[in-house]
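A look at the structure
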Amino acid sequence: MAILVTGGAGYIGSHTCVELLNNGYELIIIDNFSNSNPESLRRIKEITNKDFYFYEIDLLDRIALEEVFATNNIEAVIHFAGLKAVGESVSIPLHYYHNNITGTINLCDVMKKYGVKNLVFSSSATVYGMPDSSPISEDFPLSATNPYGRTKLMIEDILQDLFVSDNNWSIVLLRYFNPIGAHESGMIGENPNGIPNNLMPYISQVAVGKLDELKVFGSDYPTVDGTGVRDYIHVLDLASGHLKALEKVIFSKGVEAYNLGTGTGYSVLEIVAAFERESGIKISYRMVDRRPGDVAICYSDPSKAKIKLGWTAQRGIKEMCRDAWNWQKKNPNGYSNKTEVDLSN
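Because the structure is a prediction, the values reported are computed rather than measured.

A word on the overall build of the protein
A count of helices and strands for the protein gives eleven helices and 14 strands. The C-alpha atoms of the protein give 19 Å as radius of gyration, which agrees with the globular expectation for 345 residues (20 Å, within 12%). Each principal axis of the C-alpha distribution contributes one length, and for the protein these read about 55 × 45 × 40 Å. In the protein, once contacts between residues fewer than 6 apart in sequence are set aside, the share between residues at least 24 apart is 79%. Accessible area for the protein stands at about 14,800 Å²; split by element, carbon and sulfur atoms hold 48% of it. Charge separation in the protein, taken as the distance between the mean sites of 32 positive and 41 negative side-chain charges, equals 2 Å.

Written as structure tokens, this is what we have:
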């Protein structure tokens, strides 16, 4: 029986697909390439030397989605597919609500029709809104401060209701903190469209010469150096967390949420300094005003995942920065250009 991965060509999805294939799972990937690249699929095959089924479809296309389930023997679903840019979600909220929520409802409805009731959902720490303190555990109050975060929170509620209606479902909600890094081969990594929204690709694009400088939002927070503190997790640790969650849903019933983070917070300038050490390149940055809605400190309590899933993050900030830089220097233009940049001068 196969595992269906929605959004498997994306950043976290592609790394999880490598992990699944390397652990002997039969894989079916669907993606519409709205914020991913077909080249990542070719590289997944090259890294693993294993094949998989792929369908270029949108979750909003119910007929195409049904065809995937009708023609394959699917045991469980890992659901990554969705729009994910916070700023963009504020500008086009209806598009985010329709895409993320309707797509998930379509997926669950088709799963129900074909008797597939094992689901790992890619949620987010944004469901905690603006927490008053850290570390953040799964029993913290839930809220959201932007349409993207609200889609994740609404989907969590929908999945809770789905289980109440039919307790044969087995669902894991994975609340990620801040994924960074890349596969150690440098063949797959984070490939944002346009100006990066996240810190690490922004830093690495400054290092590779694509961007002039890093803007650091806020220098007066009550932290070690005045910049915001976040919980960064290596994408490969995140991928291994999905395998543990998959094992959980296959062999149990219920719905549970788990934080995936390291439980350690790093400031923006600490990340910059670590990246400079690993790359040997000085990162130009400029302090600017805080962004509305940003909190000073935000990091996870990952103990529930350790106790119940048997999962802990294995990689530290050194490996996160090293692998992010390895990906960026080998792929200065992401998947559109494989030429390694020459930084010897």
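On we go from here.
So, unusual backbone geometry
The omega torsion across Ser134 and Pro135 is 5 degrees, close enough to zero to call that bond cis. Here the phi dihedral of Asn49 falls at roughly 55 degrees; this positive angle occurs in a residue that is not glycine. When you line up the elements, Asn49 lands in the loop between α2 (39-48) and β3 (53-55). Classification of Asn49 as exposed rests on a relative accessible area of 70%.

A few points about the nonpolar core
Core analysis: the largest hydrophobic core is formed by 39 residues, its most contacted members being Ile3, Val5, Leu27, Leu174 and Leu260. With seven residues, helix α8 (residues 235-250) is the single largest residue contributor to this core. Those residues in contact with Leu260 that sit more than four places away from it in its chain are Leu174, Arg175, Tyr176, Phe177, Ile233, Leu238, Gly241, His242, Ala305 and Trp311. Listed in part, the 28 residues of the second largest apolar core include Ile30, Ile57, Ile155 and Leu159.

Some details on the pattern of salt bridges
If the charged atoms of two oppositely charged side chains come close together, the side chains can form a pair. Here the structure, examined in full by the defined rule, presents 17 salt bridges. Notably, a salt bridge pairs Asp166 with Lys117, separated by 2.4 Å at the nearest N-O pair. Remark: Lys117 occurs in the loop between α5 (93-113) and β5 (118-124) and Asp166 occurs in the loop between α6 (147-165) and β6 (170-176); sequence separation between them is 49 residues. Judged by its relative accessible area of 17%, Asp166 falls in the buried class. The closest approach of N and O atoms between Arg291 and Asp294, which form a salt bridge, is 3.0 Å. A relative accessible area of 39% means that Arg291 is categorised as partly exposed. Linked by salt bridges that have partners in common, Glu39, Arg42, Arg43 and Glu46 make up one network.

Re the sheet that holds strand β2 (residues 26-30)
Reading across from one edge, β3-β2-β1-β4-β5-β6-β11 is the order of the seven strands in this open sheet, with parallel pairing throughout. Of all strands in the sheet, those bounded by a partner on one side alone are β3 and β11 (254-260). Taken over all neighbouring pairs, the strand axes of this sheet differ in orientation by 15 degrees on average, direction set aside. The strands that α5 touches are β1 (2-6), β4 (74-79) and β5; relative to β4, the one it contacts most, it runs at about 170 degrees.

Thresholds applied
Residues numbered from 1 in each chain as written. Predicted model: local features only at pLDDT ≥ 70, side-chain atom pairs only at ≥ 80, totals over all residues. Heavy atoms only, no water. Helix = DSSP H or I, 4+ residues; strand = E, 2+ residues; numbered from the N terminus. Rg over C-alpha atoms; globule rule 2.2 N^0.38 Å. Contact = heavy atoms within 4.5 Å. Areas by Shrake-Rupley, 256 points an atom, 1.4 Å probe, with all protein chains shown as cover. Lys, Arg positive; Asp, Glu negative; His and termini not counted. Charge placed at Lys NZ, Arg CZ, Asp CG, Glu CD. Buried < 20%, exposed > 50% of the residue type's maximum accessible area, 1.4 Å probe, protein only. Core = buried A, V, L, I, M, F, W, Y, C linked by side-chain atoms within 4.5 Å. Salt bridge = Lys/Arg side-chain N within 4 Å of Asp/Glu carboxyl O. Pairing = 2+ DSSP bridges. Axes fitted to C-alpha atoms, helices over the stretch in contact; angles between N-to-C directions.

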